[in-house]
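# Summary of the model geometry
Here are the chains, one letter per residue:
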Amino acid sequence: MPIKGERVVMNKKNNHFIKGALFTVILILIDQVTKYLAQIFLAGKNGVMIIPGVLQLFYLENCGAAFGMLENRQIIFILIAVAMICAAVYIYCRIPDDAHYHFLRILCVMITAGAAGNMLDRLMHNYVIDFIYFSLIDFPVFNVADCYVCIGAALTVLAVFTVYKDDDFAFLLPAKKKQEDI
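Residues numbered from 1 in each chain as written. Predicted model: local features only at pLDDT ≥ 70, side-chain atom pairs only at ≥ 80, totals over all residues. Heavy atoms only, no water.

## Brief notes about helix 3 (residues 102–125)
Note the cut-off: Each helix is a run of DSSP H or I of at least 4 residues and each strand a run of E of at least 2, with the numbering of both proceeding from the N terminus. By this rule, a helix spans an expected 1.5 Å times one less than how many residues it contains. Only protein chains enter the calculation, and the probe is 1.4 Å; a residue is then buried if its accessible area is under 20% of its type maximum, exposed if over 50%, and partly exposed in between.
For helix 3, which comprises 24 residues, the first-to-last C-alpha distance of 35 Å matches the rise-based estimate of 34 Å (1.5 Å per residue) to within 8%. Of all 24 residues in helix 3, 17 are buried; the element is thus mostly enclosed. Where helix 3 ends, the next residue or the one after it, Asn 126, has phi of about 70°, a positive value.

Right under this line is the structure:
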């Protein structure tokens, strides 16, 4: 029977997990709804200019990665998405119950939602629906899930170098055995 303190810790962990799962689902739904709307309103059309010469909404069925790399190699992208999701969920589940790690939790949710959103497209359509185009810099057409992954990954790198110290990631290392266990 767990003691009261253990139950409180488990309830907080469960609470974080439930919140994380809920926010992940919400972000995936936002991604999928925007892709659905792009299909309805943009497919077969020239696109919609939002900011002339800068930003355009343009429907594209992407069978590869950015710039069409690895076209029609869906299994590779699905395996990468599964690996990203597993890594983010593993990290999320091990994050200590401390306000210092709240930002890291958010980043794990963003990366998980982005990877899952594009994986769903690949599983349902055999391509990813992209629709946001920065014509100013001729950036590849992308979608909301791509934003989640790219922003989440960039902020993770930034946080690793500015917010967190090496010791802050000790929770990812396997627990050391106590001397009496040896």
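Read on for the rest.
## Things to note about the side chain of Thr 112
Filter applied, for reference: By definition, residues are in contact when any of their heavy atoms lie within 4.5 Å.
Structurally, Thr 112 can be placed in helix 3. Setting aside residues no more than four positions away along its own chain, Thr 112 makes contact with Thr 24, Ile 85, Ala 88 and Val 89.

## Section: the packing of helix 2 (residues 74–94) against helix 3
In plain terms, the rule: With axes taken as lines fitted to C-alpha atoms, and helix axes fitted only over the stretch in contact, angles between N-to-C directions fall between 0 and 180 degrees. When describing relative orientation, an angle under 35 degrees is termed roughly parallel and one over 145 degrees roughly antiparallel, while 65 to 115 degrees is termed roughly perpendicular and anything else oblique. Definitions for this section: a left-handed crossing has its near helix turned counterclockwise from the far helix by less than a right angle. A right-handed crossing has that turn clockwise. Each residue is assigned to one class: nonpolar for Ala, Val, Leu, Ile, Met, Phe, Trp, Tyr, Cys and Pro, charged for Asp, Glu, Lys and Arg, and polar for all the others, Gly among them.
Across the interface, helix 2 lies against helix 3 with an axial gap of 9 Å and an inter-helix angle of 155°. By the criterion of interaxial angle, the relationship of helix 2 to helix 3 is roughly antiparallel. For the element pair helix 2 and helix 3, the recorded crossing hand is left-handed. Residues Gln 74, Phe 77, Ile 78, Ala 81, Val 82, Met 84, Ile 85, Ala 88, Val 89, Ile 91 and Tyr 92 of helix 2 touch helix 3, and the partners they reach there are Leu 104, Arg 105, Cys 108, Val 109, Ile 111, Thr 112, Ala 115, Ala 116, Met 119, Arg 122 and Leu 123. A breakdown of the residues in the contact of helix 2 with helix 3 according to their chemical character gives 18 nonpolar, two polar and two charged.

## Things to note about the environment of Val 82
With respect to the helices and strands, the residue Val 82 is situated in helix 2. Relative accessible area serves as the criterion here: at 37%, Val 82 is assigned to the partly exposed category. Placed 37 residues apart in sequence, Val 82 and Met 119 show a C-alpha to C-alpha distance of 8.2 Å.

## Section: the side chain of Asp 31
We apply this condition: N or O atoms within 3.5 Å of each other form a polar contact, as long as, within protein, one can give a hydrogen and the other can take it, and as long as residues adjacent in sequence are counted only when both atoms are side-chain atoms.
In this fold, Asp 31 is placed in helix 1 (residues 4–42). On the basis of relative accessible area, Asp 31 is assigned to the buried category, the value being 0%. Polar contacts involving the side chain of Asp 31 include one to the side chain of Lys 35, which spans 2.9 Å. Each residue touching Asp 31, except ones within four places of it in the same chain, is listed here: Gly 117, Asn 118, Asn 143, Val 144, Ala 145 and Tyr 148.

## Here's the deal with the pairing of strand 2 (residues 55–62)
The test is simple: Any two strands with at least two DSSP-identified bridges between them are counted as paired.
With three bridges joining them, strand 1 (residues 48–51) and strand 2 adopt antiparallel strand pairing. Each residue of the ladder has a partner; that of Met 49, found in strand 2, is Gln 56. Where strand 1 hands over to strand 2, the hairpin turn is made up of three residues, of which Gly 53 adopts a positive phi near 75°. Alignment of strand 2 against strand 3 (residues 128–134), held across six bridges, turns out to be antiparallel. Looking at strand 3, one finds that Leu 57 is bridged to Ile 132.

## Notes on the pattern of salt bridges
Selection criterion: Any Lys or Arg side-chain nitrogen located within 4 Å of an Asp or Glu carboxyl oxygen qualifies as a salt bridge.
Taken as a whole, this structure holds two salt bridges when the rule is applied. Between Lys 35 and Asp 31 there is a salt bridge, with the nearest N and O atoms lying 2.9 Å from each other. With Lys 35 and Asp 31 both in helix 1 and four residues apart, this pair spans about one turn of that helix. Given the relative accessible area of 1%, Lys 35 is considered buried. Taking the shortest distance from any N to any O, the salt bridge between Lys 35 and Asp 121 comes out at 3.0 Å. With Lys 35 in helix 1 and Asp 121 in helix 3, this residue pair connects regions lying 86 residues apart in the sequence. Beyond isolated ion pairs, a larger network of salt bridges with shared partners links Asp 31, Lys 35 and Asp 121.

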